[in-house]
Amino acid sequence: MPDDSQRGFMNILLLGKNGKMGKEILRQASEINIQIKASLGSGEDLEAVPSEAIDCVIDFSSAEGFAQNLAWAQKNKIPLVSGVTPKPDLEILDIKAPILWDSNMSLGIQ
């Protein structure tokens, strides 16, 4: 039986699973060929997630947790998509990995 990567799944780590966007991503993931390998809410241990199983991090947690989440993604060489608000201070961060940040990910804006 082929593993998930052979089926065309993208394996996601979702941060902020209890927020509005996190819940919507969880709801729609199976419809758009995305597999949520792990999802964390506030206070859950990011370091416990096995990075080798993750293709991309989606972060809708909080501006306070953004720097830690970005550091984890960079350490593990995993791209990060983030919609945390308010805008994190990207200029002070030493960004070394692919990142997409936008404050409004709604379809009407995009």
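Described in the following lines is the structure provided in the data block. All values reported here derive from a predicted model rather than from experimental measurement.

## Overview of the pattern of salt bridges
Side-chain pairing between opposite charges can occur once the charged atoms of the two side chains come close.
Okay, step 1: In the structure shown here, the tally under the stated rule is 3 salt bridges.
Okay, step 2: Between E44 and K17 there is a salt bridge whose closest N-O contact spans 3.5 Å. With E44 in the loop between β2 (34–40) and β3 (56–59) and K17 in the loop between β1 (10–15) and α1 (20–28), this pair connects stretches of sequence that are 27 residues apart.
Okay, step 3: According to the relative accessible area criterion, E44 is partly exposed, its value standing at 38%.
Okay, step 4: The partly exposed category is assigned to K17, whose relative accessible area is 22%.
Okay, step 5: A salt bridge links E24 to R27, with the nearest nitrogen and oxygen atoms 2.7 Å apart. Taken together, the positions of E24 and R27, both in helix α1 and 3 residues apart, correspond to about one turn of that helix.
Okay, step 6: Residue classification places E24 among the partly exposed positions, given a relative accessible area of 31%.

How each quantity is defined
- Residues numbered from 1 in each chain as written.
- Predicted model: local features only at pLDDT ≥ 70, side-chain atom pairs only at ≥ 80, totals over all residues.
- Heavy atoms only, no water.
- Salt bridge = Lys/Arg side-chain N within 4 Å of Asp/Glu carboxyl O.
- Helix = DSSP H or I, 4+ residues; strand = E, 2+ residues; numbered from the N terminus.
- Buried < 20%, exposed > 50% of the residue type's maximum accessible area, 1.4 Å probe, protein only.

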